[in-house]
Amino acid sequence: RWLPVLRRRCGVAGKRLSGAGLAAEGRVLRAVLYAYHSRLLRHRPYLALQQVEQCLKRLWKMNLVGCIETLAGLIPKKNTPQAHAECLAPSQPMLETVALKVLGGCKLILRLLDCCCKAFLLSVQHLCSEEFILLNTVASGLLSRLWFVIQYRCVLQSLISLYGILSTSLRLVSDTQQMPYIKGFTFPSDISNFLGVNVSSEVKKQKARMLTTKKPTSWLKKLFPSMPEAVSEVGKKRRSATCTSAVKNRSIPCPVDIGEPVL
């Protein structure tokens, strides 16, 4: 009965870990760090971004997705209809290896969320001080997206759910045939005790800290002042007239500029 559940949860966890959003944010983060490497080596938000990138790099180096997919491939897809029929099941060494990697992945994702929250707060703090405006604007948006991708894609929750069925599977398989592979470590039955924090309350605290941060709106108003209505109306008429003339004179080879100057 637990084999189909294990295969299904392996598929969900692998799909959420290998999602396009998480990989895209990681690529953007590496590009930002590369662009600012020579100029901001001692800048605090930049150093915090490096910690986030280090957590992401370690998560990919674990090859957690490949390990979970290997385990899912060992589970037979056809279920035997008989209640007491024999069936193939993953071995104890395989289950122990995946369970250990899932425990490490949960710890690492908790650390990643914490680093994202701290780096976001630092970026907004320096943004309010009008320091390195471009970098901190990009960094705050990137970190908030990365945090919300991990949270709302339920990456951590899917790994916790996977470990629950892995713990049950490990106990049943070891009762059937003892083949211990990892020695000197006791696999916890409850992953929350191993993580040391309540995951839902910790995530809510981080979200509250990120949403209640002081927003840097003063310098934005200075950079982008509100345009008077008269100027905007003139701009609209100018654009419509330029577009009409451009449509009529299609045979003119020179390019037509349909924009309006920024005041």
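Rules used throughout
Residues numbered from 1 in each chain as written. Predicted model: local features only at pLDDT ≥ 70, side-chain atom pairs only at ≥ 80, totals over all residues. Heavy atoms only, no water. pLDDT = per-residue confidence, 0-100. Contact = heavy atoms within 4.5 Å. Phe/Tyr/Trp six-rings, centres within 6.5 Å; stacked < 30°, edge-to-face > 60°. Lys NZ or Arg CZ within 6 Å of the ring centre and 35° of its normal. Helix = DSSP H or I, 4+ residues; strand = E, 2+ residues; numbered from the N terminus. Buried < 20%, exposed > 50% of the residue type's maximum accessible area, 1.4 Å probe, protein only. Salt bridge = Lys/Arg side-chain N within 4 Å of Asp/Glu carboxyl O.

By the naming in an unreviewed UniProt entry, the chain goes by NEPRO protein and is assigned to Uria aalge.

Colleague: Quick rundown of the confidence of the model for the chain? Include the residues and the values.
Modeller: For the chain, the average pLDDT comes to 76, and 76% of its residues sit at 70 or higher. For the stretch residues 246-259, pLDDT sits under 50, and the model shows six contacts to residues farther than four places along the chain or on other chains.

Colleague: How would you explain the packing of aromatic side chains if you had to name every residue and give the values?
Modeller: Under the definition given, this model contains zero aromatic pairs. Stacked on the ring of F194, the Lys or Arg K107 has its end atom at 5.4 Å from the ring centre.

Colleague: Please set out the environment of G11 residue by residue, giving values where relevant.
Modeller: Residue placement: G11 occurs in helix α1 (residues 2-17). Residue classification places G11 among the partly exposed residues on the basis of a relative accessible area of 37%. Residues G11 and S158 lie 147 residues apart in sequence; the distance between their C-alpha atoms is 9.8 Å.

Colleague: Could you give an account of the pattern of salt bridges, with specific residues and numbers?
Modeller: Note that side chains of opposite charge can pair when their charged atoms are close. Here the structure, examined in full by the defined rule, presents four salt bridges. The salt bridge partner of D114 is R111, with a shortest N-O separation of 3.9 Å. Placement of the pair is D114 and R111 together in helix α5 (residues 92-128), with a separation of three residues, close to one helical turn. Through salt bridges that share partners, R111, D114 and K118 make up one connected network.

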